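One letter stands for each residue in the lines below.
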Amino acid sequence: MTYAITQTCCNDATCVAVCPVNCIHPTPEERAFGSTEMLHIDPRACIDCGACADACPVDAIFPVDSLSAGQREYADINAAYYEGEEPLPVGDEVDGPNFHVWGEPAFERSLPSDFGPLRVAVVGTGPAGMYAAQDLLLHTAAEVTLIDRLPVAGGLVRYGVAPDHPATKKVGDTFSRFHSHPRVRMYLGIEVGRDVTAEELSAHHDAVIYAVGASTDKRLGVPGEELPGCLSATAFVAWYNAHPETVAQGVDLSAERVVVVGNGNVALDVARILVADPEALAATDIAAHALDALRASRVREVVVLGRRGPEDAAYTRSELLALKHVPGVELVVDDHDPRTAAVIDAAGAGDRAGVLKGLARVRADAASPTGGERRIVLRFHSEVVEIQGGGDGVRSVRVTDGGGAGTADLGAGLLLRAIGYRGLPVPGLPFDEASGTVPHDGGRVAGLPGSYVVGWIKRGPSGGIGANRTCAAETVGALLADAVAEQLPAPKGDAKAFRRLARQRNRRVVDARGLAAIDRAERDRGRRDGRPRVKLATVEELVATARSGRLLRLTR
């Protein structure tokens with residue numbers, strides 16, 4: 001029996017480090033690392049030890065013979081990656097007691113013996129920030145100040161991952177163990193530029209790492225985009241994940257058709273949530289207000305528009321495979337353009353377009369769907385020309401049709417644009433308007449010694465959760481190299497001075513004990529409803545719960 005890596009692979013390569021036979025590739029040392037959609041286990045070399053499954057932070061690795069019907073394709077995907085390659089020698093084929101002949105050891109975090117502890121602020125508690133904090137805490141004696149503008153930690157893991165992907169959310173458990181680390185101080189609800197300045201942060205720390213992500217979205221730039229019912233996927237995802245800055249009753253699901261513009265993983269996520277069985281979602285941590293709205297929803301069809309063909313779609317093959325197995329939802333392809341069928345028919349088994357073979361081909365016309373099974377329609381070679389409607393909202397979407405030769409109107413009551421994220425400027429830091437990132441050199445902020453960036457604000461909105469691990473390693477490596485070279489500006493204030501400053505500026509700061517109180521309260525609410533947790537959905541609820549839980553513990 002061998003193991004296989006499945007849909008939820010996060011690519012952070014924790015599994016690579018624990019494999020005793022080096023059968024998981026590409027590794028971070030290989031050129032292909034970061035360019036593949038997932039990691040792969042070589043079934044010829046796997047010895048069934050299960051170390052990779054134990055280490056995986058997102059529960060993506062399973063024995064092949066335990067895979068469900070919807071997951072069995074992943075065993076073939078893993079094996080196909082190694083076709084035509086010679087298997088690595090293992091066991092008796094190796095001259096020595098080890099299963100695998102390893103290269104020379106490398107110590108990337110080797111520091112001078114007299115190297116003192118640094119005080120580092122990390123702004124942002126999503127995956128990028130927490131991978132940076134983890135690197136510092138595990139490999140140095142650094143003291144870390146965790147800062148987030150929201151009164152709860154988690155970032156993209158809490159507010160970006162779809163609720164029906166609970167395995168992916170488990171990476172948050174890996175990060176949460178550092179929230180109460182003895183060398184961590186947490187200040188949630190503090191915003192740089194509002195409560196403290198970048199200069200003040202630097203004045204109280206040896207270095208500052210900004211992991212603020214890409215919190216806004218790109219625009220279509222077409223007439224009608226300002227109509228009610230035309231929303232960003234960013235806002236929709238925040239709505240169903242109970243982000244405290246969204247309006248709970250802000251999405252109208254009274255129309256039978258929704259158009260999603262874009263064909264990346266986020267587009268597939270929102271399409272899937274719109275037509276999924278609400279009772280299945282009731283077993284997740286989806287926002288209570290979103291669950292109520294989806295139960296009352298009239299949406300029967302979601303049309304996902306892609307500007308290019310199926311061979312160039314931005315979604316990953318693994319996410320598309322999963323979409324084929326959503327219970328009660330039919331996945332079909334719109335064949336309005338003959339180029340779509342030609343590419344699918346010619347695609348090989350390992351091609352992204354090949355996943356679409358065997359799907360029904362339909363035409364999404366102007367009329368809204370009526371009755372029948374819910375479905376997701378993938379429509380390629382199609383762009384939005386105009387969004388039509390009035391004061392009451394969107395009524396139809398005009399799109400290119402038939403290879404751009406004409407247009408067609410798709411009746412719809414909601415349009416979600418999922419065409420990419422974009423970073424916002426951080427007051428006090430340089431900003432590149434064209435790329436939506438902070439200019440940097442290997443993570444070092446241009447012109448600001450002691451300031452660093454990591455994650456999407458560093459490299460742009462590309463790469464999933466696991467990509468932030470290697471990104472953080474580069475940034476932390478640059479920071480430590482600067483520290484060893486004595487190139488970091490000396491801080492003027494200490495940790496106590498920063499604590500006083502933060503609490504003077506914002507009396508509603510949430511610390512690690514307050515965060516733990518929020519976690520307990522949400523899990524308690526979940527247990528009452530038979531759910532993993534019921535999220536607190538407003539800033540006021542979060543802050544009040546943090547305070548009450550903290551006071552309760554102090555009086556015991």
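Above this text you will find the structure in question.
Worth saying up front: this structure is predicted, and the values here are computed from it rather than measured.

Draft legend 1. Geometry of the overall build of the chain. In terms of helices and strands, the chain carries 19 helices and 23 strands. Expected size for 556 residues packed as a compact globule is a radius of gyration near 24 Å; at 25 Å, the chain falls within 12% of this value. Taken along its principal axes, the extent of the C-alpha atoms in the chain is 70 × 70 × 50 Å. Of all 556 residues assigned to the chain, the portion counted as buried reaches 53%. Put simply, of all contacts in the chain between residues at least 6 apart along the chain, 75% involve residues at least 24 apart.

Draft legend 2. Fine view of the packing of aromatic side chains. Tallied over the entire structure, the rule returns six aromatic pairs. Between the aromatic rings of Tyr 81 and Tyr 82, the centroid separation amounts to 5.1 Å while the plane-to-plane angle is 85°, which identifies the pairing as edge-to-face. Where Phe 236 meets Tyr 240, the ring centres are 5.4 Å apart and the plane angle is 90°; that geometry is what we call edge-to-face. Here Phe 236 pairs with Tyr 240, and both are found in helix 9 (residues 233-240), just four residues apart, close to one helical turn.

Draft legend 3. The arrangement of the pairing of strand 6 (residues 143-148) in detail. Where burial is concerned, most of strand 6 is hidden: five out of the six residues are buried. Where the polypeptide runs from strand 5 (residues 119-123) across helix 4 (residues 127-139) and back to strand 6, its parallel neighbour, the crossover connection is right-handed. Alignment of strand 6 against strand 7 (residues 184-188), held across five bridges, turns out to be parallel. Paired with Val 144 across the two strands is Val 184, which belongs to strand 7.

Draft legend 4. Structural context of the sheet that holds strand 18 (residues 406-411). The sheet built from three strands is open, its strands ordered 16-17-18 with antiparallel pairing. In the strand order of this sheet, the two ends are held by strand 16 (384-390) and strand 18, each with one partner. Each neighbouring strand pair of the sheet contributes to a mean axis angle of 25°, computed without reference to strand direction. Sheet analysis places strand 16 next to strand 17 (residues 393-401), joined by six bridges and oriented antiparallel. If you follow Ile 387 over to strand 17, its bridge partner there is Val 397.

Draft legend 5. Spatial organisation of the nonpolar core. Counting 117 residues, the largest nonpolar core has Ile 24, Ile 209 and Tyr 240 as the members making the most contacts within it. Beyond its immediate chain neighbours, meaning those up to four positions away, Ile 209 contacts Val 120, Ala 121, Val 122, Val 123, Ala 132, Leu 136, Tyr 452, Val 454, Thr 475, Val 476 and Leu 479. By size, the runner-up hydrophobic cluster in this structure holds 22 residues, among which are Ile 147, Val 196, Ile 457 and Ala 502.

Draft legend 6. Structural view of the environment of Ala 517. Considering the arrangement of structural elements, one finds Ala 517 in helix 18 (residues 512-529). What makes Ala 517 buried here is its relative accessible area of 4%. Here the alpha-carbon distance between Ala 517 and Ser 548, two residues 31 residues apart in the chain, equals 7.9 Å.

Draft legend 7. Expanded view of helix 14 (residues 338-346). Of the residues making up helix 14, those classed as buried are Thr 340, Ala 341 and Ile 344. Along the axis of helix 14, the buried positions cluster into a sector of 90°, meaning they face one direction only. Exposed positions of helix 14 whose direction lies more than 90 degrees from the buried face are Pro 338 and Ala 346.

Draft legend 8. Molecular detail of unusual backbone geometry. Residues His 25 and Pro 26 are joined by a peptide bond in cis, for which omega reads -5°. Note that Pro 26 resides in the loop between strand 2 (24-25) and strand 3 (40-41). At Glu 486, a residue that is not glycine, the phi angle is positive and equals roughly 60°. Note that Glu 486 resides in the loop between helix 16 (467-484) and helix 17 (495-505). With a relative accessible area of 73%, Glu 486 lands in the exposed category.

Draft legend 9. Expanded view of the state of the cysteines. A full pass over the atoms with the stated rule returns zero disulfides. Its sulfur unpaired, Cys 46 is 4.9 Å from the next cysteine sulfur, which belongs to Cys 23. A disulfide-free cysteine, Cys 56 has its sulfur positioned 6.1 Å from the sulfur of Cys 10, the nearest such atom. We classify Cys 56 as buried; its relative accessible area is 11%.

Reading guide: rules and limits
The residue numbering used here restarts from 1 in each chain and proceeds along that chain's sequence as written. Only residues with pLDDT of 70 or above have their local features reported here, since the model is predicted, and side-chain atom pairs are shown and tallied only from 80 upward, although totals for entire chains, interfaces and linings are computed over all residues. Side-chain figures throughout are based on the complete set of non-hydrogen atoms in the structure, without hydrogens or water. Note on conventions: DSSP H or I runs of at least 4 residues are helices, E runs of at least 2 residues are strands, and numbering of each starts at the N terminus. Here the radius of gyration uses the C-alpha set of atoms, whereas the globule reference equals 2.2 Å times the residue count to the power 0.38. When a residue's accessible area, from a 1.4 Å probe over protein chains only, is under 20% of the maximum for its type it is buried; when over 50% it is exposed; and in between it is partly exposed. Residue contacts follow a heavy-atom distance rule, with two residues in contact if any of their heavy atoms lie within 4.5 Å. Between 30 and 60 degrees the pair is tilted, below 30 it is stacked and above 60 it is edge-to-face, where a pair is any two Phe, Tyr or Trp rings, Trp via its six-membered ring, whose centres lie within 6.5 Å. When the strands point away from the viewer and the connection leading from the first strand across the helix to the second strand turns clockwise, the crossover is called right-handed. Any two strands are treated as partners once DSSP identifies two or more bridges connecting them. Under this scheme, a helix contributes an axis fitted over its contacting stretch, all axes are lines through C-alpha atoms, and angles between N-to-C directions fall in the 0 to 180 degree range. In this text, buried Ala, Val, Leu, Ile, Met, Phe, Trp, Tyr and Cys residues form a nonpolar core when linked through side-chain atoms within 4.5 Å. Arc definition: directions from the helix axis to the C-beta atoms. A pair of sulfur atoms, both from cysteines and within 2.5 Å, is called a disulfide here.

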